[in-house]
Amino acid sequence: MGVKVLVRIRTTTNFAPDMIECSLDDNTIKIHTKRDQRKEAVNNQHSDWMFKVDGILHDVPQEVMYAAVAKKAVASTINGFSSTIMCYGQTGAGKTHTMTGATEKYEYRGIIPRAIQQIFKEVEEQADLALTVYVSYLEIYNETLYDLLSTMSDSSTPDTQMIIVEDNHGVRIKGLSIHMVSTEEDALNYLFEGETNRIIASHTMNKSSSRSHCIFTIYVETRWRQTAEVKYLTSKLNLVDLAGSERLGKTGSEGQVMREAMYINKSLSFLEQTIIALGDSKRGHIPFRQSKLTHALKDSIGGTCNTILVANIYGEASQIDETLSTLRFASRMKCIPAEPVANIYTDPMKLIHKLQNDIQVLQDELAMYNILGNRRQVSYETLTANQIRDIKAQICRYLEGTVDEINTGLLNSEESQVGELMGEGFGIGLAPTSAKAKKLKVKKSKDIAGTTKKDRPPVSGKDAEMLQQPKDSAQDVSPKPTGSRVIMASIIDSVRSESIGKMEEARPTTPPGRSEIFDMFKAEKGSEINRILIENKRILIEKKANMKDLTDRINNVKEEIDITNRSLNIKKRERHVQGEYKNEHDEPVVDEDEFNLIIQLKDLKRQYRCDFNALRDLRVEVQYCQRLVDQCRLRLLTEFEIWYNESFLTADDTQQVPQGDSIRRGLVPFSRMTALEEDDKEKFQRLQQEILMECPESVSFYRARMKLQQRQNYTRAMNQPQPITIHKKPGMITPSIKNKPPTSLQCS
Ligand code: ADP
Ligand code: MG
């Protein structure tokens, strides 16, 4: 595809059909000159020429001309395609008539007013698009740029300061006023203003309007009304009325006219040189900068710009030389390759906004997956300088051996442990991490032959797991006097008080292996707490299974929501394409299918919310149960440890236990562990029954309050353990109620 060339022959009574032969079928123009009649004719000179063009407009009204020349190009401007339509020809051949038209009759209007009308029609019709239209009007006269709309602009920049600059967006004229126009009338006002200024200037500056080049430019910016679209299109429609191409020089003009002729000839011959260069694929350099005209049109002739030339010819015999010259220019112009490309840009602000939205959506989705996959409180923020410094310091300490573990603080290990479906939060191996445990072992390894850490009989399976201290739990027996330690002490003491007497007598000289003895302990002394542990584990597993089912269901509902959303979007698009009906409230009318989809989506979302809330509640319960299991396990281990120490080790072995620590000799303050008050749930149930009698509507309110209280209790229990609050939970058996058999084992 190249530059499109159309020949327009102006209407005249003296048309020379014998010299100008038009064939409309194959768009050829043949020119015959009667050289033989001229005495000075050179023998071998051609007297017949044939030009192939893209269209011949002979005696056609403006409307037909417009349809053939401009309509398609103008339509493509809103799709981001730039176009240049140029009229070339001798003075009087009808360039201005073609480009601007005559003002006396509406149907005589030319390309510019018709293009304006077409663009604003598109503005009205394209409901999805937001089109912004600007206009400018430039005149180039004797290599000087004039802003024909300077009278309409606020800035008082003198014309002479205008310069042609090139940037990423192409060529633009710095200092040329560009005016936003919102209606056809508005744009036409600018055109007429420019025309008037052109005429005034021709009088005041004594310049001939036929000797200047005029470029009326319509700029269109196309954006999508839909906010998510970050792309936008821009295009320029250059409508160029060139100066008369006749060779004025040979008429022997003087002074001003001579200078003008020189400039015009120069700029048109530069245009011609540029065009020849553009048409030659081997030419690297194109001399655009030789003249203001070619420089201003640098990105508007050929290339990615849709280019159309109207060769205006005066079809009289006396003008045949100029006609020939115009047609030669036109045929050169046809050689310029042009492959129009849309100017697509990305709005950076909209892109930032869109990316921010995308990130938010993805983060929300990720957060949901983390919740559904039981990974909560995972941070995706980049590390701060302080965090990095902290982690580095921890790594150094770890490598020095002063710390056993690196805590990045980015993942809440408690949370992630609790959520693992079958994970018990216990490590494998025999390395207790608490300071106290280390102390005990150091002592043992010194004093008791054959019972050092290394020599201990290997422990495997469940017992190995049991004999090990959970990391979290280890903190509970560290020397810090915490609330949980008080409970622990009381339970341990009570167990010890029962068994101590009997064990005293049966103490063997060499302590037996812990693992062998542990099973025995579980079956006898620790049977009750072991039973409670097993039962709590069963409940925990059951709740985790429920959680998994619920999670699966939520995922399925989410999938269904996505599918429904997609179907709805397809429906919506179909509705847009087919054109939509609106009711009296200006709301779009949807068909039954779409209506059903909307209802379905609503139901799914309701279900999703409901399940999601249930899952959240269930998670809290699972976490709570997990804590109870941990506590039970710890108690079993601690009791075993004490019983073992009491039964098999000498006083020397245990005397190093710090004073005031939970594991100590002596009797238990029994009241502390047996005092069991009415718990929150019981209290609530009692209150509920009382209130229900008076005001049945208050149930939801109180139910919500109870939930809140439960959550608070849970947090309190975890942070500052208090015997009463953590001991009981509906549906769970707590190890502390050993002298009161569990009443209910069902999950709530
Ligand atoms: P140019 O701009 O090329 O010097 P104009 O457009 O000013 O020529 O035309 C010169 C005169 O010829 C004007 O009066 C114009 O109305 C008339 N004219 C030009 N082309 C046509 C046409 N196709 N039909 C009727 N009148 C025309
Ligand atoms: Mg003119």
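Just so you know, the residues in each chain are numbered from 1, in the order the chain's sequence is written. Chain letters and ligand numbers both follow the written order, the letters beginning at A and the numbers at 1. Two thresholds apply to this predicted model, a pLDDT of at least 70 for residue-level local features and 80 or more for giving and counting side-chain atom pairs, whereas whole-chain, interface and lining totals are computed over all residues. Remark: hydrogens and water are excluded; side-chain values derive from all non-hydrogen atoms of the structure.

Trainee: So, the overall build of the protein: which residues are in play, and what are the values?
Mentor: Assigned secondary structure in the protein consists of 23 helices and 15 strands. By residue count, 44% of the 748 residues in the protein fall in the buried class. For this analysis, residues touch if any pair of their heavy atoms sits within 4.5 Å. At a minimum sequence separation of 6, the contacts of the protein that also span at least 24 residues come to 75%. Only the protein chains shown count as cover for residues, and all accessible areas are computed by the Shrake-Rupley method using a 1.4 Å probe. For the protein, the exposed area adds up to about 40,200 Å²; of that, 53% sits on carbon and sulfur atoms. Numbered from the N terminus, helices here are DSSP runs of H or I no shorter than four residues, and strands are runs of E no shorter than two. Only protein chains enter the accessibility calculation, which uses a 1.4 Å probe; a residue whose area is less than 20% of its type maximum is buried, one above 50% is exposed, and one in between is partly exposed.

Trainee: Give a description of the site of ligand 1 that names residues and reports values.
Mentor: Any residue with a heavy atom positioned within 4 Å of a molecule or strand is treated as near that molecule or strand. Looking at ligand 1, the residues that line it are Arg8, Arg10, Thr11, Gln90, Thr91, Gly92, Ala93, Gly94, Lys95, Thr96 and His97. Pairs of N or O atoms are called polar contacts if they sit within 3.5 Å, as long as, within protein, a hydrogen donor faces a hydrogen acceptor (for residues adjacent in sequence, only side-chain-to-side-chain pairs). A distance of 3.4 Å is found between a nitrogen atom of ligand 1 and a side-chain nitrogen or oxygen belonging to Thr11. At 2.8 Å from an oxygen atom of ligand 1 is found a main-chain nitrogen or oxygen belonging to Lys95. For the shell around ligand 1, the element with the most residues is helix α3 (residues 95-99), which contributes three residues.

Trainee: Tell me about a nonpolar patch on the surface, and please be specific about residues and values.
Mentor: Together, Ile395, Tyr398 and Leu399 line one region of the surface with nonpolar side chains, adding up to about 310 Å² of accessible area. Looking at the secondary structure, you find Ile395 in helix α10 (residues 385-400). In this scheme, patches are assembled from residues that exceed 30% relative accessible area and form no salt bridge. Like charges are connected within 9 Å, while nonpolar side chains (Val, Leu, Ile, Met, Phe, Trp, Tyr) are connected within 5 Å. Think of a salt bridge as a Lys or Arg side-chain nitrogen and an Asp or Glu carboxyl oxygen that are within 4 Å of each other.

Trainee: How would you sum up the pairing of strand β14 (residues 306-313)? Please name residues and give values.
Mentor: Of all eight residues in β14, eight are buried; the element is thus mostly enclosed. Residues Asn306, Ile308, Val310 and Asn312 of β14 are buried on one face, and the alternating residues Thr307, Leu309, Ala311 and Ile313, pointing to the opposite face, are buried as well. We treat two strands as partners when DSSP finds at least two bridges between them. The sheet contact formed by strand β1 (residues 4-9) and β14 spans six bridges and is parallel. Residue Leu6 lies in a different strand from β14, and its bridge partner there is Val310. As paired elements, strand β6 (residues 83-89) and β14 share seven bridges and run parallel to each other. If you follow Met86 over to β14, its bridge partner there is Leu309.

Trainee: Any chance you could break down the side chain of Asp147 for me, citing the residues and the numbers?
Mentor: Following the sequence through the fold, Asp147 ends up in strand β8 (residues 144-147). Looking at Asp147, its side chain comes within polar contact range of the side chain of Ser177, at 2.7 Å.

Trainee: Which residues make up the packing of helix α1 (residues 62-69) against helix α4 (residues 111-125), and what values do they have?
Mentor: Axis definition: a line fitted to C-alpha atoms, limited for helices to the stretch in contact. Angles are taken between N-to-C directions and run from 0 to 180 degrees. Between α1 and α4, the shortest axis-to-axis distance is 10 Å and the interhelical angle comes to 65°. The orientation of α1 with respect to α4, classified from their angle, is roughly perpendicular. The interaxial crossing formed by α1 with α4 has right-handed handedness. When α1 is examined against α4, the residues Gln62, Glu63, Met65, Tyr66 and Val69 are found in contact with a partner set consisting of Ile111, Arg114, Ala115 and Gln118. Every angle not falling under 35 degrees, over 145, or within 65 to 115 is termed oblique; those three ranges are roughly parallel, roughly antiparallel and roughly perpendicular. Less than a right angle of anticlockwise turn of the near helix away from the far helix marks a crossing as left-handed, whereas a clockwise turn marks it as right-handed.

Trainee: Give me the lowdown on the pattern of salt bridges, citing residues and values where you can.
Mentor: Within the structure shown, the criterion is met by 26 salt bridges. Across the salt bridge formed by Arg223 and Asp347, the nearest N and O atoms sit 2.8 Å from each other. Linking Arg223 in strand β12 (residues 213-224) with Asp347 in the loop between β15 (343-346) and α9 (348-372), this pair joins segments that are 124 residues apart in sequence. Classification of Asp347 by relative accessible area gives buried; the value is 14%. In this structure, Asp603 engages Arg606 in a salt bridge whose closest nitrogen and oxygen atoms are separated by 3.2 Å. Within this pair, Asp603 and its partner Arg606 are both found in helix α18 (residues 592-648), separated by three residues, close to a single helical turn. If you follow the salt bridges from partner to partner, you end up with Lys571, Glu574, Asp591 and Asp593 in one network.

Trainee: Now, about the nonpolar core: what can you tell me, with residues and values included?
Mentor: Among buried residues, those of type Ala, Val, Leu, Ile, Met, Phe, Trp, Tyr and Cys that are joined through side-chain atoms within 4.5 Å constitute a nonpolar core. Residues Ile31 and Met333 are the most contacted members of the largest nonpolar core, which totals 48 residues. Ranked by residues supplied to this core, first place goes to helix α8 (residues 320-333) with six residues. Non-local contacts of Ile31, meaning those with residues more than four positions away in its chain, are made with Met19, Ile20, Ser47, Asp48, Trp49, Phe51, Ile320, Thr323, Leu324 and Leu327. Within the second largest apolar cluster, 39 residues are counted, among which are Ala115, Ile119, Val133 and Val310.

Trainee: Describe the confidence of the model for the protein, listing the residues and the values that go with them.
Mentor: With 66% of its residues at a pLDDT of 70 or more, the protein shows a mean pLDDT of 74. Looking at the elements of the protein, mean pLDDT is at its lowest for helix α20 (residues 670-674), recorded as 33, and at its highest for α1, recorded as 97. The low-confidence segment residues 410-508 (pLDDT under 50) makes 169 contacts with residues lying over four places distant or belonging to another chain. Below a pLDDT of 50 lies the segment residues 654-678, which in the model reaches 46 contacts outside its immediate sequence neighbourhood of four places, other chains included. Predictor confidence is given residue by residue as pLDDT, running from a minimum of 0 to a maximum of 100.

Trainee: Which residues make up α10, and what values go with them?
Mentor: In this scheme, a helix's expected span is set at 1.5 Å multiplied by one less than its residue total. Between its first and last C-alpha, α10 extends 23 Å over 16 residues, near the 22 Å set by a 1.5 Å rise per residue. Backbone geometry just downstream of α10 places Gly401 in the positive-phi region, at approximately 90°.

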